[in-house]
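Residue-level structure breakdown
The primary structure of each chain is shown beneath.
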Amino acid sequence: PGLKEWFRSSGINAEYGPGLKEWFRSSGINAEYGEIVEQELYDLRNKMSSVCYNPYSGFGPFPGSEIGKFDHEFLKGRFAKRVAERIPKFDKILTKQFVLGDKPCYVDFLMYEILDQLRTFLPSTFEGCENVAAYMGRFMELPGLKEWFSSDDYKKGNYINAPMAEWHGKN
């Protein structure tokens, strides 16, 4: 397969970004705002990975903990503080139907996926964030997605992280 057959929002953005940005501008949509939201989401997801994967088992250069070994609960606590600061910020910006307006765009798919993972990992950080909850509900009602979310395949659940992670979404 050629490079254009790989589907990742950052790859799509790099390949088609200039054209997409021009289309967004002509539509009155702030593409840079979408990019800022996208990068904040990637930062949170990358931090979550560093909390869930043990660096001493050979899966990457992630930070240790204050006791000198991988301490998932310690790192999860530190990460929870960061998420508890960020989710209310998302709550403030999610006042429209979707991130950039009345119609969903690729940032919305990323937003839903990462918020859903974070909500599964740290549910208490979402308490009192009605705009986030309403946004996630609207996303789940989109045609095609509504059917997926009610399917047996979805209900079986998938791993959020690989099975070798300290927390992978199944425990």
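The rules behind each value
Residues numbered from 1 in each chain as written. Predicted model: local features only at pLDDT ≥ 70, side-chain atom pairs only at ≥ 80, totals over all residues. Heavy atoms only, no water. Helix = DSSP H or I, 4+ residues; strand = E, 2+ residues; numbered from the N terminus. Buried < 20%, exposed > 50% of the residue type's maximum accessible area, 1.4 Å probe, protein only. Contact = heavy atoms within 4.5 Å. Areas by Shrake-Rupley, 256 points an atom, 1.4 Å probe, with all protein chains shown as cover. Phe/Tyr/Trp six-rings, centres within 6.5 Å; stacked < 30°, edge-to-face > 60°. Lys NZ or Arg CZ within 6 Å of the ring centre and 35° of its normal. Salt bridge = Lys/Arg side-chain N within 4 Å of Asp/Glu carboxyl O. Core = buried A, V, L, I, M, F, W, Y, C linked by side-chain atoms within 4.5 Å.

**A closer look at the overall build of the chain**
On a plain count of helices and strands, the chain comes out with seven helices and zero strands. The order of helices and strands in the chain, counted from the N terminus, is α-α-α-α-α-α-α. By the burial criterion, 38% of the 171 residues in the chain qualify as buried. In the chain, of all internal contacts separated by at least 6 residues, the share reaching a separation of at least 24 is 65%. For the chain, the accessible surface area stands at approximately 10300 Å², while carbon and sulfur atoms represent 55% of it.

**Let's talk about the packing of aromatic side chains**
Following the criterion strictly, the structure yields six aromatic pairs and no others. On the basis of an interplanar angle of 50° and a centroid distance of 4.6 Å, the ring pair of phenylalanine 121 and tryptophan 167 is categorised as tilted. With phenylalanine 121 in helix 4 (residues 106-121) and tryptophan 167 in the segment after helix 7 (152-156), this residue pair connects regions lying 46 residues apart in the sequence. Summarising the burial analysis for this pair, phenylalanine 121 and tryptophan 167 share the class buried. Across the ring face of phenylalanine 121, the terminal group of lysine 76 is positioned such that the distance to the ring centre comes to 4.9 Å.

**A closer look at the pattern of salt bridges**
Throughout the structure, instances matching the rule amount to four salt bridges. Linking arginine 86 and glutamate 85 is a salt bridge whose minimum nitrogen-to-oxygen distance equals 3.4 Å. Arginine 86 gets classed as buried once you look at its relative accessible area, which sits at 17%. A salt bridge links lysine 146 to glutamate 141, with the shortest nitrogen-to-oxygen separation between them at 3.3 Å. Lysine 146 gets classed as partly exposed once you look at its relative accessible area, which sits at 42%.

**A word on the nonpolar core**
The biggest cluster of nonpolar side chains holds 41 residues, and the ones touching the most others in it are Phe79, Ile87, Phe90, Met111, Leu115, Leu118 and Val132. Listing elements by their share of this core, those giving two or more residues are helix 2 (31-52), helix 3 (72-93), helix 4, helix 5 (130-140) and helix 6 (145-149). Among residues more than four places away in sequence, those in contact with isoleucine 87 are Leu115, Leu118, Thr125, Phe126, Cys129 and Val132.

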